[in-house]
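# Breakdown of the fold
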Amino acid sequence: MSEAAIPVVTLDGPSGSGKGTVSRAVARRVGWHLLDSGALYRLVALAGIEHKLAADDVDGHARLAAAMRVRFGTEREGERVLLEGRDVTAAIRTETMGQGASRVAAWPAVRAALLGRQRAFVEAPGLVADGRDMGTVVFPHAVLKIFLTASAEERARRRYNQLKEKGPGASLSALSREIAERDARDSSRAVAPLVPAADAARIDSTDLTIEAAVERVIELGRRRSLWA
Ligand code: DC
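Residues numbered from 1 in each chain as written. Predicted model: local features only at pLDDT ≥ 70, side-chain atom pairs only at ≥ 80, totals over all residues. Heavy atoms only, no water.

Attention shifts here to the packing of helix H2 (residues 37–50) against helix H3 (residues 58–67). Remark: H2 packs on H3, axes separated minimally by 9 Å, with the N-to-C direction vectors making an angle of 120°. Classified by the angle their axes make, H2 and H3 are oblique. Considering how the two elements wind past one another, H2 and H3 form a crossing that is right-handed. Across the interface between the two elements, Val-44, Ala-47 and Gly-48 from H2 touch His-61, Leu-64 and Ala-65 from H3. For the contact of H2 with H3, the residue count by class is four nonpolar, two polar and no charged. (Axes fitted to C-alpha atoms, helices over the stretch in contact; angles between N-to-C directions. Helix = DSSP H or I, 4+ residues; strand = E, 2+ residues; numbered from the N terminus. Parallel < 35°, antiparallel > 145°, perpendicular 65-115°, else oblique. Left-handed = near helix turned anticlockwise from the far one by under 90°. Contact = heavy atoms within 4.5 Å. Nonpolar A, V, L, I, M, F, W, Y, C, P; charged D, E, K, R; others polar.)

Shown next as C-alpha cells:
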C-alpha cells in the first residue's frame, strides 16, 4: 500500500475529553496503529527540563523536538514511552508536564520539528491519531475526523480520577484551574490552535461511557467502510 493510500482516522479535542482512551480502544479494536501526539509534546517538555534549557529557549526546544530519540512500546510491551532508551511513561503523564507541553506546543518551531515525525507514524493497515491538530494540520486528508468534547466540569473530574489513581496530591479545584488555563492556551495560540476541522464529526462525551464513545467512532468508520 502506498503511504497516501493508508487510511488515517483523527481524534482531536481538549484535555479530559476522553480522546486518548477512546483512540487507544478504537485502534485496538480494529488493529490499527496509534499516534499519541500529546506524548511527543510532553517529551519535548521533559527533554527541555533534563537538558536544563531556559523555559523560553524556543530554538533549544525545537532542536530537541527534532533530535530526541523516542520509542513507543507495543501493547505487548505495556505501552511504555521511551526517551533516549529510558522509560519515561509515568514522568510525562503529570499535570506539570501537561502544562509544559502546552507551553512548548505554542511555538511554531517546535510544531514544525514534530510534523514529519508525526506523519511517519502512518503505517498499514491504518493509523488512529490523537491530539489537537490531527485533522486540521497534520493529517488534513484523513478519511474520518472526530472532534471529541465534554463539559469542563466533567473533564476536570476525569483528570482528577486519573491522577488520583497514580498517587495522592491531586486537587480538583487546582486541576479545574489548570485545565481551563491549558485549554485557553491551546485554543488561542496562533499556530494550529485547538479547533474542530470543518469536516469533523463532533461527539460530546459528557454523558457517554468510554464504551459508548468508542462505539460511535466504530460506527462512523463502518459507514465509511474503513472496517467491518
Ligand atoms: O493530549 P495531551 O494532554 O497529552 O497534550 C499535552 C499538550 O500538548 C496539550 O495541552 C497541547 C499540546 N498538544 C498540541 O499542541 N498538539 C497536539 N497534537 C497534541 C498535544
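Moving on, we get to the environment of Pro-7. Topologically, Pro-7 is positioned in the segment before strand S1 (8–12). Here the alpha-carbon distance between Pro-7 and Glu-123, two residues 116 residues apart in the chain, equals 8.7 Å.

Next up on the list: the sheet that holds strand S3 (residues 70–72). Strand order in this open sheet of three strands is S3-S4-S5, and the pairing throughout is antiparallel. A single partner strand is all that each edge strand has here, and the edge strands are S3 and strand S5 (86–87). Alignment of S3 against strand S4 (residues 81–83), held across three bridges, turns out to be antiparallel. Bridge pairing in S4 places Val-70 opposite Leu-83. Contacts from H2 reach S3, S4 and S5, with the element oriented near 35° to S4. (Pairing = 2+ DSSP bridges.)

Moving on to the packing of aromatic side chains. The final tally for this structure, using the stated rule, is two aromatic pairs. Seen from their ring centres, Trp-32 and Trp-227 are 5.1 Å apart, and the 70° between their planes marks the pair as edge-to-face. Of the two residues, Trp-32 is situated in the loop between helix H1 (19–30) and strand S2 (33–36) and Trp-227 in the segment after helix H9 (210–223); the sequence distance between them amounts to 195 residues. Here Trp-32 falls in the buried class, since its relative accessible area comes to 10%. Ring geometry for Phe-72 versus Phe-121: centroids 5.7 Å apart, planes at 70°, classification edge-to-face. In this pair, Phe-72 is assigned in strand S3 and Phe-121 in the loop between helix H5 (108–119) and strand S6 (127–131), connecting sequence segments 49 residues apart. Judged by its relative accessible area of 26%, Phe-72 is partly exposed. (Phe/Tyr/Trp six-rings, centres within 6.5 Å; stacked < 30°, edge-to-face > 60°. Buried < 20%, exposed > 50% of the residue type's maximum accessible area, 1.4 Å probe, protein only.)

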